[in-house]
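# A look at the structure
Given next are the chains, with one letter for each unit.
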Amino acid sequence: MNAIEQIFSCQRCGFCCQGETTVSLDEHDQRRMVLCLGRDVEEVRERFWRVTGTVVQMKTVGGHCIFYEEGCRVHAGRPWRCRQWPLHPSILDDELNFRIISESCPGIRAEIGYGEFCRILRLIMAETDKIAC
Ligand code: SF4
Ligand code: SF4
């Protein structure tokens, strides 16, 4: 069991893909998604992205991310914030953040306790500034 598996195991519930907004995509995310989809960037922008000024997000359909359909249809090209979730650094700042995120993500191994969870998360973050779950 690696360090991430000690604190998280995705249950594929799709809860984190629900809502009327999504994470934003940085330029690297945008390039990776375009490559993954194998389409022209303008087509991707038109069909899949919601662009507000300089902010690029994914469109939502039916209350969830446009790519959600019993799983992520752009898994290999998903944004880094989707890869990071639910191991958000704010967990280290406040136990309340840990509880809130645990309640929305059944993949969090909350049973190991906040202190132990933070200890392992710090070790993971010391190795990379962009966690990919
Ligand atoms: S990251 Fe959490 S909320 Fe998202 S699908 Fe996995 S278990 Fe569900
Ligand atoms: S890109 Fe994939 S993982 Fe991210 S919100 Fe959309 S469906 Fe979920």
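Since the model is a prediction, treat every value here as computed from it, not as a measurement.

Time to look at the overall build of the protein chain. In terms of helices and strands, the protein chain carries seven helices and four strands. Shown N-terminal to C-terminal, the secondary structure of the protein chain runs as helices and strands in the order α-α-α-β-β-β-β-α-α-α-α. A globule of 133 residues ought to have a C-alpha radius of gyration of about 14 Å, and the protein chain, at 16 Å, matches this closely. Once the C-alpha set of the protein chain is aligned to its principal axes, its extents read approximately 45 × 30 × 30 Å. Taking all 133 residues of the protein chain together, the buried fraction comes to 20%. In the protein chain, once contacts between residues fewer than 6 apart in sequence are set aside, the share between residues at least 24 apart is 67%.

Take the site of ligand 2 next. Taken together, C17, T22, M58, C65, F67, Y68, C72, V74, R78 and C82 make up all the residues around ligand 2. The residue inventory of the shell around ligand 2, partitioned by class, reads eight nonpolar, one polar and one charged.

Segmentation of the protein chain into domains returns domain 1 (1–10 + 85–133) and domain 2 (24–76). Between the C-alpha centres of domain 1 and domain 2 there is a distance of 26 Å.

Neighbouring ligand 1 are the residues C10, Q11, R12, C13, G14, F15, C16, W85, P86, C105, P106 and G107. Its residues assigned to classes, the shell around ligand 1 shows eight nonpolar, three polar and one charged.

All right, on to unusual backbone geometry then. Looking along the chain, the bond that leaves W85 and enters P86 is cis, with omega of 5°. Unusually for a residue other than glycine, R12 sits at a positive phi of about 55°. In this fold, R12 is placed in the loop between α1 (3–7) and α2 (27–37). The exposure class of R12 is exposed, given the 11 C-beta atoms found within 10 Å. The phi dihedral of E70 falls on the positive side, at around 50°, and the residue is not glycine. Looking at the element boundaries, E70 is found in the loop between β4 (64–65) and α4 (80–84). Classification of E70 as exposed rests on a count of 7 C-beta atoms within 10 Å.

On to the pairing of strand β2 (residues 55–58). Every regular strand shows the same layout, with side chains that alternate between the two sheet faces. Along β2, the buried face is formed by V56 and M58; none of V55 and Q57, which line the opposite face, is buried. With four bridges connecting them, strand β1 (residues 49–52) and β2 associate as antiparallel partners. Looking across to β2, one finds that W49 is bridged to M58. Between β1 and β2, which pair antiparallel and follow one another directly, the connecting turn spans two residues, one of which, G53, has a positive phi of 60°.

Calculation criteria
Residues numbered from 1 in each chain as written. Chains lettered and ligands numbered in written order. Predicted model: local features only at pLDDT ≥ 70, side-chain atom pairs only at ≥ 80, totals over all residues. Helix = DSSP H or I, 4+ residues; strand = E, 2+ residues; numbered from the N terminus. Rg over C-alpha atoms; globule rule 2.2 N^0.38 Å. Buried ≥ 20, exposed ≤ 12 C-beta atoms within 10 Å, placed from the backbone. Contact = placed C-beta atoms within 7 Å. Near = placed C-beta within 6 Å. Nonpolar A, V, L, I, M, F, W, Y, C, P; charged D, E, K, R; others polar. Domains from an automatic or database assignment. Pairing = 2+ DSSP bridges.

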